[in-house]
Amino acid sequence: MEINTTISATSLGKKLESFWKLSGEKILSIEDQYDESKGAPVFTEAGKYTTRGWTEWTQGFQYGSSILQFDATGDDQFLEIGRKNTVEKMASHVSHIGVHDHGFNNVSTYGNLLRLMLEGKIEGNKAEQQFYELALKISGAVQASRWTNYDQGGYIYSFNGPHSLFVDTVRTIRALEVSHLLGHSLQAEQDANHSLLHRAIQHALSTAKYSVFYGEGRDQYDDWGRTAHECIFNTNNGSYRCPNSQQGFSGFTTWTRGLSWAMLGFAEQLEFLETIDESERKGLGDMAEIKAVFLKAAKATCDFYIANSSLDGITYWDTGAPKMHELKDYQTKNADPFNEYEPVDSSASAIGAQGLLRLGKYLKEKNDPRGDMYFQAGLSVADTLLDDPYLSRNKGHQGLLLHTIYHYPNNWDYIPEGSKIPNGESCMWGDYHIREVMLLLQRMIDEKSYYTFFQGLTKK
């Protein structure tokens, strides 16, 4: 991708004004027209949100979007939508023992509400605050209970079962860390007490070791920063077996949304570790070594994104997809969502942009000269997403971010008439994450406190 070295967060101010206006219109359209008896909205078909049962991992993004909209604009109607629906409809996600998505559903809703309350942006009473805290405590422990030990560590296993480590989950372990900061832990058989902080860090270390490649010869396709969506373990003896993919083309290619989850997840973990005091580090091992592992993973994945995206910073759905060769040197030209061969996935770009920005800021604060490069790369991707053909300006289209992909191998994505590949549609995680990265930038422009998932929390 081509990195714009002159752009700044402030220079995006006018675009962000238009963005938040469109964003609010889309939220209200879904609130007014979507039939929730069908299940949580997942992605659009011909511009209208519909559902797709696999797991209910998107409802938190729906209501969390309203909370982010309030944070950015101060419009109370969006706070009411987010708060009311969180209280009335999100309880089942708190106790859901069958998914690894707690950091998506619950930190996006209960977590954002608690954060705003701690910041003093919303008024609330003690009982309301304790309600959010209890939900977050339970959510982190429930996710941590999905645990597989192996010969050198452990991981939170995916909904596929104890043998399965998903790269996505490195962004959802924040549920464990919020719960830890609220003073909670996981109580198991015979009252065994498990630290949620330790499990989160162990999981991230496992992800860095197995899900991210570093050009060190693990296999024929071991490139610096490549990721595998899924890693398979033998649960009989704890040994690692092979890479795999559920939503990408193969275990030996890079599904770019998984790549982006790793970019953002490791960047956030680096920020989070800066807040851990000495008393909490006992039993974790050498903190400098842990940070070095996370930094290596963050740099590698961000470098891979930059090297394998199109000129404008937008990525296709999988860098090894079988017809990518038909696009001929796609890195040297802007992405084409309307091509005949392979779809782009702008949701991966929205997630990845935030990872680039956070890693860039972290490194700049460490006086690392590469920090500016990553930060400007994040701004460049954000700038592209704030314009055509990615920002949905059609009032009849309920989505906000266009040209996203859900599950291309399963043929779940809507292909418009006259097209050979999916394009022109939105998804709930794409809409949430473009709001989240734009909120990060908006708060920088407004000179407000830096937005993190652990904002305002200290260990109780």
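See the structure shown above.
Residues numbered from 1 in each chain as written. Predicted model: local features only at pLDDT ≥ 70, side-chain atom pairs only at ≥ 80, totals over all residues. Heavy atoms only, no water.

Trainee: Whenever I open this one, the overall build of the protein confuses me. Can you help?
Mentor: Across its full length, the protein carries 14 helices and 9 strands. For 460 residues, the compact-globule estimate of 2.2 N^0.38 gives 23 Å, and the protein sits close to it at 20 Å. The proportion of buried residues among the 460 residues of the protein is 61%. Considering only contacts in the protein between residues 6 or more positions apart, those separated by 24 or more positions represent 69%. (Helix = DSSP H or I, 4+ residues; strand = E, 2+ residues; numbered from the N terminus. Rg over C-alpha atoms; globule rule 2.2 N^0.38 Å. Buried < 20%, exposed > 50% of the residue type's maximum accessible area, 1.4 Å probe, protein only. Contact = heavy atoms within 4.5 Å.)

Trainee: Can you walk me through unusual backbone geometry in this structure?
Mentor: Glycine aside, residues mostly have negative phi, and peptide bonds are mostly found in the trans state. Residues Asp388 and Pro389 are joined by a peptide bond in cis, for which omega reads 5°. Structurally, the position occupied by Pro389 is in the loop between α13 (371–385) and α14 (428–445). A positive phi is found at Lys328, a non-glycine position, where the angle reads about 50°. Inspection of the secondary structure puts Lys328 in the loop between α11 (287–308) and α12 (346–365). Lys328 sits in the exposed class, given a relative accessible area of 56%. Located in the positive-phi region is Asn367, a residue other than glycine, with phi close to 60°. The exposure class of Asn367 is exposed, given its relative accessible area of 69%.

Trainee: What should I look at first to understand the side chain of Ser158 in this one?
Mentor: Tracing the backbone shows Ser158 in the loop between β4 (153–156) and β5 (164–166). The class of Ser158 is buried, set by a relative accessible area of 0%.

Trainee: What's the story with the environment of Thr207 in this structure? I'm lost.
Mentor: Tracing the sequence through the fold places Thr207 in helix α9 (residues 196–211). Looking at Thr207, the relative accessible area reads 0%, which means it is buried. Those residues within four positions of Thr207 in sequence are excluded, and the remaining contacts are Leu165, Val167, Val170, Val212 and Phe266.

Trainee: How should α9 be read in this particular structure?
Mentor: Since the α-helix turns once every 3.6 residues, residues separated by three or four places project in the same direction. Between its first and last C-alpha, α9 extends 21 Å over 16 residues, near the 22 Å set by a 1.5 Å rise per residue. Burial analysis of α9 places 12 of its 16 residues in the buried class, the great majority of the element. For α9, the capping residue at the N-terminal end is Ser195, with a side-chain oxygen 3.3 Å from the backbone nitrogen of Leu197. (Expected span 1.5 Å × (residues − 1). Polar contact = N/O pair within 3.5 Å; in protein donor to acceptor, adjacent residues only side chain to side chain.)

Trainee: I'm lost on the pairing of strand β9 (residues 239–244) in this one. Help?
Mentor: In regular strands, side chains alternate between the two faces of the sheet. With 5 bridges joining them, strand β8 (residues 230–234) and β9 adopt antiparallel strand pairing. Note on β9: the bridge partner recorded for Cys231 is Pro243. Between β8 and β9, which pair antiparallel in sequence order, lie 4 residues; one of them, Gly238, sits at a positive phi of approximately 80°. (Pairing = 2+ DSSP bridges.)

Trainee: How do you make sense of the pattern of salt bridges when you look at a structure like this?
Mentor: Opposite charge on two side chains lets them pair, provided their charged atoms get close. Overall, the coordinates contain 27 salt bridges when judged by the stated rule. We note a salt bridge from Arg171 to Glu436, for which the minimum N-O separation is 3.0 Å. Of this pair, Arg171 sits in the loop between β5 and α8 (174–181) while Glu436 sits in helix α14, placing them 265 residues apart in sequence. The exposure class assigned to Glu436 is buried, which follows from its relative accessible area of 1%. Between Arg257 and Asp345 there is a salt bridge whose closest N-O contact spans 3.2 Å. Of this pair, Arg257 sits in helix α10 (residues 256–273) while Asp345 sits in the loop between α11 and α12, and the two are 88 residues apart along the sequence. Note on Asp345: relative accessible area 0%, which makes it buried. Sharing partners across several salt bridges, the network here consists of Lys15, Asp383, Asp387, Asp388 and Arg393. (Salt bridge = Lys/Arg side-chain N within 4 Å of Asp/Glu carboxyl O.)

Trainee: Can you help me understand the nonpolar core in this one?
Mentor: Inside soluble globular proteins, nonpolar side chains tend to come together where they are buried. Counting 127 residues, the largest nonpolar core has Phe266, Leu356, Met438 and Leu441 as the members making the most contacts within it. Dropping the residues within four chain positions of it, Met438 is found in contact with Leu16, Phe19, Trp20, Ala382 and Leu386. By size, the runner-up hydrophobic cluster in this structure holds 7 residues, among which are Tyr150, Leu165, Cys231 and Phe233. (Core = buried A, V, L, I, M, F, W, Y, C linked by side-chain atoms within 4.5 Å.)

Trainee: Would you take a moment to explain the state of the cysteines for this structure?
Mentor: A covalent bond between the sulfur atoms of two cysteines is referred to as a disulfide. By the definition in use, this model includes 0 disulfides. Note on Cys242: no disulfide assigned, nearest cysteine sulfur contributed by Cys231 at a separation of 8.4 Å. Of the residues examined, Cys242 reaches a relative accessible area of 31% and is grouped as partly exposed. There is no disulfide at Cys427, and the cysteine sulfur nearest it, in Cys302, is 20 Å away. (Disulfide = S-S within 2.5 Å.)

Trainee: Whenever I open this one, the sheet that holds β9 confuses me. Can you help?
Mentor: Backbone-to-backbone hydrogen bonds join strands into a sheet, with any given pair of strands oriented parallel or antiparallel. A sheet is described by the order of its strands in space; here 3 strands give the open sequence β5-β8-β9, paired in antiparallel fashion. Either end of the sheet is taken by a strand with one partner, and the two such strands are β5 and β9. The sheet shows a mean angle of 25° between the axes of neighbouring strands, direction not considered. Together, β5, β8 and β9 form the strand contacts of α9, whose direction differs from that of β5 by roughly 90°. (Axes fitted to C-alpha atoms, helices over the stretch in contact; angles between N-to-C directions.)

Trainee: Just to check I follow, could you spell out the packing of aromatic side chains for this structure?
Mentor: Each aromatic ring pair is described using two quantities: the centre-to-centre distance and the angle formed by the ring planes. Going through the model one piece at a time under the given rule, you end up with 29 aromatic pairs. An aromatic cluster is present here, built from Phe43, Trp57, Phe61, Phe104, Trp261, Tyr406, Trp412, Trp429 and Tyr432 joined pairwise through their rings. Sitting above the plane of the Phe213 ring, Arg218 keeps its charged end 4.0 Å from the centroid. For the cation-ring pair, Lys361 lies above Tyr450, with the distance from its terminal atom to the ring centre recorded as 4.0 Å. (Phe/Tyr/Trp six-rings, centres within 6.5 Å; stacked < 30°, edge-to-face > 60°. Lys NZ or Arg CZ within 6 Å of the ring centre and 35° of its normal.)

Trainee: Help me understand α13, please; the structure alone is not making it clear to me.
Mentor: For α13, with 15 residues, the first-to-last C-alpha span of 22 Å sits near the 21 Å given by 1.5 Å per residue. Across the 15 residues of α13, 12 count as buried, placing the element largely inside the fold. Regarding α13, the residues found buried are Gly371, Tyr374, Phe375, Gln376, Ala377, Gly378, Leu379, Ser380, Val381, Ala382, Thr384 and Leu385. Those residues of α13 that are buried are in contact with α11, α12 and α14.

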